[in-house]
Structure formats: C-alpha cells, structure tokens
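Here is what each chain is made of, one letter per residue.
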Amino acid sequence: MKCDENDMYQGINSDSSDEGTQRHVKGKQPPKSCGAVPSPPKVSPATSQYYPKSLMLNIMLKMGKVVDKKSTTVITLHSFNIELMAWNKIPTTVEFVVDEQELGSGGFRTAFKATTQHPMYANTTWVVKRYLPEAKVLIQETNQNIEAHTKKAVQMHVLARNFARQLKRVMASSVDSQYGPSLQYNKVYFGMTDGNECVTVEEYVDGKFIKYINNDGISCVEQSDDMCQKAHCLAHFSYE
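Cut-off values and rules
Residues numbered from 1 in each chain as written. Predicted model: local features only at pLDDT ≥ 70, side-chain atom pairs only at ≥ 80, totals over all residues. Heavy atoms only, no water. Phe/Tyr/Trp six-rings, centres within 6.5 Å; stacked < 30°, edge-to-face > 60°. Buried < 20%, exposed > 50% of the residue type's maximum accessible area, 1.4 Å probe, protein only. Lys NZ or Arg CZ within 6 Å of the ring centre and 35° of its normal. Helix = DSSP H or I, 4+ residues; strand = E, 2+ residues; numbered from the N terminus. Pairing = 2+ DSSP bridges.

The name an unreviewed UniProt entry gives the protein chain is Transient receptor potential cation channel subfamily M member 6-like, with Paramuricea clavata as the organism.

Rendered as structure tokens:
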C-alpha cells in the first residue's frame, strides 16, 4: 500500500540560502501506519526433555573395548488360553536381562530375576525358572520330554489361577463368608530361549517366601494356620 509523502514526514520546512535551496528537518516524527500487517511473533522451539544417562568413569573406560559378554537372553513367550483350551499360535519374542545370581532354587528348577524394555512386559519384574540338570534326567526317565513337561506345569498353574479367581468371585458375593482374603495366582508363560532351553517366565512377587504345602499334599507349617488351609483347598498334584 502506498502512503502519501506528506503524511509520511511532517515538520520538514524548506529554507532558502545562498548555497541553494536546502531542507532542514526540525523534528522528524515516526511514520504513520500504512495498514501493513505486522509479522507474527517468533515461537521458540520446544525444549527437549531428554537427559543423557550419567556414566561412571570405569564404565566409560570399558566402552573403549569390544564387549563380548552376552548380557541379554531372548525368550519366545507362549501363553495358554483356558477359554479356548489351547496354546496361542502367535508367541511374543522378548529380550530379557537375566540376573547371573540365582534368586532361589528348589527340587526341580532354579529361579533368576529378569527385566525387559519390551513395552508389553516392562511394567514389572519377572522370574525366569530353569531346570536343574538332574531334574532333566528325571523327566526323561518318565518318558516325557522337557517341553511337554514345562507346558503341563504352565497349564496346571493356569487351572489353579482360574480356581482362585472363581473362589474370589464367589466369596465376594457371599454375605456370611468368613473365608477372608483370597489367594491370587500371577501370570506364567512357557518360554523357549535363543539357546533352545525350555523355561517358565512368571511375574515376580516381592516379599518373604513361605512354603505352606508340598507337591505331595504334606503341609510345611501347622495345619491350623489359615493360609495353610487355603493352600490345601487349591492344592493339586500329579499321580503317575
């Protein structure tokens, strides 16, 4: 848009002198607005919220060497669907960081704590259970293979979990129930490692471990204990 020159500059007088006609600016005022659209304000770019990980000096020095040590274990997880009474056809491959130090050991398997960054399983800590060498020998002596034995253990756990959930629902709807808090079974998966090892992967339970009953039905504590009686009512064991 054009502006009139007289509007643009005010207070400019013309005086004559011997050297010629010159203009003397007595007081130059700011130009009037010509209706131009002002430029939009600049928006500062969003500041990144990422903070780099702080590393100890000894760890940074180790980065100067090639790390050959295998720090993760890839496990393919298979789940059993009790509604369909079938194993899911599409497994999930998860990369775990498994502790080298064992969490505990029983008659058949050794347990290790594990974590993962997988979005479906990163919300909790897990326990990977591996068979002891002598346990594998005993399983084979009963004409079973390790995979079938591991899957059967998961199926029985899923069955007990279903019983516990039904019991909790029944007790919650009972007005005169004196059963108290119900037992709870966490999720358990059958897993096959990248080394072709059959394992189970289950949710980690924080707290003190107390064994109330053996696989043969014999109590490990006083049978008058409330928790022991609840464990008895959900106990199951195999007969060969």
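So that's the structure; there's more coming.
A. Spatial organisation of the packing of aromatic side chains. A complete count under the given rule lists 5 aromatic pairs for this structure. With centroids separated by 5.4 Å and ring planes inclined at 65 degrees, the aromatic side chains of Phe80 and Trp87 adopt a geometry described as edge-to-face. The class for Phe80 is buried, based on a relative accessible area of 15%. Centroid distance Tyr121 to Trp126: 5.7 Å. Interplanar angle 65 degrees. Geometry classified as edge-to-face. One aromatic cluster is present, formed by Phe80, Trp87 and Phe190 through successive ring pairs. Positioned above the aromatic ring of Tyr131 is the side chain of Arg109, whose terminal nitrogen or guanidinium carbon lies 5.9 Å from the ring centre.

B. Main features of the pairing of strand β11 (residues 198-203). Judged by how many residues are buried, β11 sits mostly within the fold: 5 of 6 residues are covered. For strand β9 (residues 126-131) and β11, the ladder comprises 4 bridges, and the chain directions are antiparallel. Within the sheet, the bridge partner assigned to Val127 lies in β11 and is Glu202. Alignment of strand β10 (residues 188-193) against β11, held across 5 bridges, turns out to be antiparallel. Note on β11: the bridge partner recorded for Tyr189 is Val201. Hairpin geometry of β10 and β11 is characterised by an intervening segment of 4 residues between the two adjacent antiparallel strands and by a positive phi of about 60 degrees at Asn196.

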